[in-house]
Structure formats: structure tokens, C-alpha cells
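Coordinate analysis (summary)
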Amino acid sequence: MVNKMKAALLAIVLALFGVVTPVFAQSDTSVDSTSDTSVSDDKAAGREARIQALKDKATAKLEEAQAKRIAARCKNAQGKVTSLRARVTGIVQNRKAVYQQVGEKLDVLLEKLKAAELDTTTLETARDDMRKEIAVLVESLNAYDTALADIIAMDCESDPETFHAALLSARDLQNTLRTQSQEFRSFATNELKTILQDVRAQLEAKKAETSKETVEGDN
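The rules behind each value
- Residues numbered from 1 in each chain as written.
- Predicted model: local features only at pLDDT ≥ 70, side-chain atom pairs only at ≥ 80, totals over all residues.
- Heavy atoms only, no water.
- Core = buried A, V, L, I, M, F, W, Y, C linked by side-chain atoms within 4.5 Å.
- Buried < 20%, exposed > 50% of the residue type's maximum accessible area, 1.4 Å probe, protein only.
- Helix = DSSP H or I, 4+ residues; strand = E, 2+ residues; numbered from the N terminus.
- Contact = heavy atoms within 4.5 Å.
- Axes fitted to C-alpha atoms, helices over the stretch in contact; angles between N-to-C directions.
- Parallel < 35°, antiparallel > 145°, perpendicular 65-115°, else oblique.
- Left-handed = near helix turned anticlockwise from the far one by under 90°.
- Nonpolar A, V, L, I, M, F, W, Y, C, P; charged D, E, K, R; others polar.
- Phe/Tyr/Trp six-rings, centres within 6.5 Å; stacked < 30°, edge-to-face > 60°.
- Disulfide = S-S within 2.5 Å.

1. Side note on the nonpolar core
Ranked by internal contacts, the top residues of the largest apolar core, which has 44 residues, are L123, M130 and F163. Counting residues per element, the ones that place at least two in this core are α2 (47-57), α3 (64-115), α4 (121-153) and α5 (160-218). The residues touching M130, leaving out its near neighbours within four places in the chain, are V102, G103, L106, F184, F187 and L192.

2. Let's talk about the environment of V92
In this fold, V92 is placed in helix α3. A residue is classified by how much of its surface remains accessible, and V92, at 7% relative accessible area, is buried. When the C-alpha positions of V92 and N142 are compared, they lie 8.0 Å apart, and in sequence the two are 50 residues distant.

3. Concerning unusual backbone geometry
You will see that E117, though not glycine, has its phi angle at about 60°, which is positive. Of note, E117 is situated in the loop between α3 and α4.

4. Let's talk about the packing of α3 against α4
It is at 10 Å that the axes of α3 and α4 come closest, and there the two elements cross at 165°. Classified by the interaxial angle, the pair formed by α3 and α4 is roughly antiparallel. Regarding α3 and α4, the two cross each other, and that crossing is left-handed. When its residues are assigned to classes, the contact of α3 with α4 shows 22 nonpolar, five polar and nine charged.

5. Thoughts on the packing of aromatic side chains
Applying the stated criterion across every chain yields a total of two aromatic pairs. Taking 5.8 Å as the distance between ring centres and 70° as the angle between the ring planes, the aromatic pair formed by Y99 and F184 counts as edge-to-face. A residue pair is termed long-range when its members are at least 10 positions apart, and Y99 in helix α3 and F184 in helix α5 qualify at 85 residues. Summarising the burial analysis for this pair, Y99 and F184 share the class buried. Pairing F184 with F187 gives two aromatic rings, centres 6.2 Å apart and planes at 40°, and the pair type is tilted. Of the two residues, F184 and F187 are both situated in helix α5; the distance of three residues between them amounts to about one turn of the helix. For F184, a relative accessible area of 2% gives the class buried.

6. Focus: the state of the cysteines
Applying the stated rule across the entire model yields one disulfide. Residue pairing for C74: its cysteine sulfur links by disulfide to C156, the two sulfurs lying 2.1 Å apart. Its S-S torsion of approximately 70° makes the covalent link between C74 and C156 right-handed. Of this pair, C74 sits in helix α3 while C156 sits in the loop between α4 and α5, and the two are 82 residues apart along the sequence.

Shown next as C-alpha cells:
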């Protein structure tokens, strides 16, 4: 039983290694890419309202020269955002799967620890905290993906001001996501890692106690 719990603990640590890698590399809408992969889910639901909100938000008028420059270059920018979104979409799907995997493995480990009559209070609290942070991360990932989809779908040449506002909004979402990802990595590599190390120590102590009882029983 102890060996099975140690194996479950190792599986969680390995899964966490995947979680703590960056959500995506540093990039912006000027990123260069050779990928032309299209994304089937265009997030069309609610787009009109979101674009209207961007129009309302874009209160500062662009200089005429700046507006013309954005209109002339925006189609090329949309192509690059399409490539960026194709990469982000794959990363989002991967992260969601890893997050779910870690949560499920923690649940299994907790059940085994409870069956072995070990203290699970701290680990249960950490699991609940992790679930909350993951929910926030997933929401931000979805919001960023939606923002990129809106940028791709916009008629940027006829409305460069709203397109510019959309780019700025997506960049803000990207920065927020990066910060949240860094905070989660810090939680996983510090607090949760320490708790799992304590769990491992409990398992080692349990194994030693079981071995001692077996030896004494044989005598």
C-alpha cells in the first residue's frame, strides 16, 4: 500500500512538472510564424457585443496618419494573430488536460492517504486552493483565446481605431495571463512541493513502521 502511494505521489510530481512550464512563450501580435493552421472555433457568440464594447472603450482618437498606417498593415497583423492563436489553442488544450490530470491524481492520493490513516488536512487545503487558481487560469486562457479570435474576424481596414483597441486589450489579457501563470508556478514549485515532500516523509515513516511491525511479528 505504501509503495502504491509513493507511486501516486511520483505521478503527481511528474504531472506538476508539466504544469509549471510557461503557459506560452513571450510573444505579441508582431510575432513571426510559419504556421498557417486555421482554428475552427471562431468564438462568434457574443462577438458583436464585445466589439461594440471595444468601440466604446476606444475613446482616444488616433491621429489620421496612425489610423492609415494601422489600416494598411492590419491584414498582415491578422495573419500573424491567426498563427499565434493556432499555437495558443494547442497550448490551452494541453494545459487544461494537465490541470485535470493533476487534480485527479491528487484525489486518488488523498483517498489512499486517508485509508492509511495519515493526516491529509494540509494537502486537501492545497488541492482546493489549486483548483481555484486553475479555474482562474482557465478563464483567462479562454478570454485571451476569444480576444484573438475577435481580432482575426474584425474588419480592421474600415475601423482601425477599434482594431487598435482590440490589440491593446489582447495584450493586457496576455500580461494578466502571464502574471497568473507565474503565480501558479510559484505555488506549485514552492507551497505544493513542500506539502508533497511532507507527504513523502509520512510515507517513509509509515513504511518504516510497517517493516518494524513485520519484523517483530516474525520474531
